Amino acid sequence: MKIRTLLGSILIMSALAAAGQPKVIAHRGYWDCDGSAQNSLRSLAKADSIGCYASEFDVWMTPDGVVMVNHDPTINGVEIQNTPSQTVLLEKLSNGETIPTLDQYLEAATKMPGMRLVCELKTHDSRQRESAAIKKILETVRKYGLESRTDYITFSRDGFHEFIKKAPKGTAVYYLSGDFVPEQIKHHKGRGIDYSIKTMRKHPEWIKQCHDLGLEVNVWTVNKPEDMVWCIEQGVDYITTNDPEGLQKIISELPETKATEKKAKKQKKQ
Ligand code: MG
């Protein structure tokens, strides 16, 4: 009986610790490893293979309406939003893959049911282009049946509002620019803030404010171990990083902190 009680306590403690830990999001996929490249299909598969909670990627749309996965506005000097898709599709990533379309990316993701997707709309040249891109992105995500596991993030204030308005009810949309305080995010019906580590170090009080308002907190791009530890201690919900394996290791080795204990207790009550 005593052993069963002890085992029970251990299980409960493990569950509490798990509930209080931030979730790991691979920034532009897991690209800093053999054979990978930022925003490649390989980086998506690598993020899934190490058990990331989610994989983040960036999108641009060509003038003929093909959404491409790439961080920069250009690839090998070719400007994606001003070049026909057939020309853009001649370009290769640093690992030899052809630049992926959103279709290819999402099709691959359908085979990774355990991982969420964080789609970043890059800020296009005009509102019209951005709006057309949002329409196409939402249609494509729906086509692959990925609406329930795709979140949206953007630096574009207009894009943020439009995703909230047009994505299915309950879709998580986060704002990246750092110039909305938590009350404003709540007012505009965002899921939470997704701000840089620099911004969050300046405004650690926003973490509690978000949680008190029922919002979530994601922090990017957290690559230094000391910043990872700080985020964990502050009780953020998600950490976006170029080093997902390093972060997983730190999370697994850290003792429970006051913030995670408090958060876990709160989640248990709900
Ligand atoms: Mg991004």
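Just so it is clear, the model here is predicted, and its values are computed rather than measured. (Residues numbered from 1 in each chain as written. Predicted model: local features only at pLDDT ≥ 70, side-chain atom pairs only at ≥ 80, totals over all residues. Heavy atoms only, no water.)

Asker: For this particular structure, what's the right way to read the coordination of the magnesium ion?
Answerer: In an ideal octahedron of six donors the angles at the metal are 90 or 180 degrees, and in an ideal tetrahedron of four donors they are 109.5 degrees. Coordination of the magnesium ion by the protein is provided by Glu-56 (OE), Asp-58 (OD) and Glu-120 (OE), with metal-donor distances spanning 2.0 to 2.1 Å. Positions of the donor residues of the magnesium ion along the chain correspond to the pattern E-x1-D-x61-E. One end of the pair, Glu-56, is in strand β2 (residues 54-61); the other, Glu-120, is in strand β6 (residues 116-121), with 64 residues separating them in the sequence. The residues Glu-56 and Glu-120 share a single accessibility class, namely buried. (Donors = N, O, S within 2.8 Å, 3.2 Å for Na, K, Ca; no water. Helix = DSSP H or I, 4+ residues; strand = E, 2+ residues; numbered from the N terminus. Buried < 20%, exposed > 50% of the residue type's maximum accessible area, 1.4 Å probe, protein only.)

Asker: I keep staring at the packing of helix α5 (residues 127-143) against helix α6 (residues 157-166) and nothing clicks. Help me out?
Answerer: Between two packed helices, the angle of one axis relative to the other and the distance separating the axes together describe the packing. Contact geometry for α5 and α6: axes closest at 10 Å, N-to-C directions at 35°. Where α5 crosses over α6, the two elements pack in a sense that is right-handed. Where α5 approaches α6, its residues Arg-127, Glu-130, Ser-131, Ile-134, Ile-137 and Leu-138 are matched on the opposing element by Asp-158, Gly-159, Glu-162, Phe-163 and Lys-166. Split into classes, the residues belonging to the contact of α5 with α6 amount to four nonpolar, two polar and five charged. (Axes fitted to C-alpha atoms, helices over the stretch in contact; angles between N-to-C directions. Left-handed = near helix turned anticlockwise from the far one by under 90°. Contact = heavy atoms within 4.5 Å. Nonpolar A, V, L, I, M, F, W, Y, C, P; charged D, E, K, R; others polar.)

Asker: Which parts of the structure should I look at to understand the environment of Pro-22?
Answerer: Within the fold, Pro-22 resides in the loop between α1 (2-20) and β1 (23-26). Judged by its relative accessible area of 6%, Pro-22 is buried. Separated by 216 residues in the primary sequence, Pro-22 and Tyr-238 place their C-alpha atoms 4.9 Å from one another. What Pro-22 contacts, discounting residues up to four positions off in sequence, is Ile-232, Val-236, Asp-237, Tyr-238, Ile-239 and Ile-251.

Asker: How do you make sense of the packing of helix α4 (residues 102-109) against α5 when you look at a structure like this?
Answerer: At a minimum axis distance of 10 Å, the contact between α4 and α5 shows a crossing angle of 30°. The pairing of α4 with α5 is recorded here as roughly parallel in orientation. Crossing handedness for the pair α4 and α5: right-handed. Contacts between α4 and α5 involve Leu-102, Asp-103 and Leu-106 from the former and Ile-137, Thr-140, Val-141 and Lys-143 from the latter. Counted by class, the contact of α4 with α5 contains four nonpolar, one polar and two charged residues. (Parallel < 35°, antiparallel > 145°, perpendicular 65-115°, else oblique.)

Asker: Where do I start with the environment of Ala-54 in this structure?
Answerer: With respect to the helices and strands, the residue Ala-54 is situated in strand β2. In this structure Ala-54 comes out as buried when scored by relative accessible area, which is 0%. Setting aside its immediate chain neighbours within four residues, Ala-54 contacts Val-24, Ile-25, Ala-26, Met-115, Arg-116, Leu-117 and Val-118.

Asker: Would you mind going over the environment of Lys-122 with me for this structure?
Answerer: Positionally, Lys-122 belongs in the loop between β6 and α5. For Lys-122, a relative accessible area of 11% translates into the label buried. For the pair Lys-122 and Val-59, spaced 63 residues apart in sequence, the C-alpha separation works out to 6.0 Å. Looking at Lys-122, its side chain comes within polar contact range of the side chain of Glu-120, at 2.9 Å. (Polar contact = N/O pair within 3.5 Å; in protein donor to acceptor, adjacent residues only side chain to side chain.)

Asker: Which parts of the structure should I look at to understand the pattern of salt bridges?
Answerer: Side-chain pairs of opposite charge can arise where the charged atoms are in close proximity. As enumerated under the stated definition, the model contains 15 salt bridges in all. Measuring nitrogen to oxygen at the nearest pair gives 3.8 Å for the salt bridge that ties Lys-122 to Asp-58. Taken as a pair, Lys-122 in the loop between β6 and α5 and Asp-58 in strand β2 lie far apart in primary sequence, 64 residues in all. A relative accessible area of 1% places Asp-58 in the buried class. Between Asp-212 and Lys-208 there is a salt bridge, and its shortest N-O distance comes to 2.6 Å. With a gap of four residues between them, Asp-212 and Lys-208 both fall in helix α9 (residues 205-212), about one helical turn apart. Shared partners join several salt bridges into a network, and the residues in it are Arg-127, Glu-130, Asp-158, Glu-162 and Lys-166. (Salt bridge = Lys/Arg side-chain N within 4 Å of Asp/Glu carboxyl O.)

In short, geometric facts, not functional conclusions.
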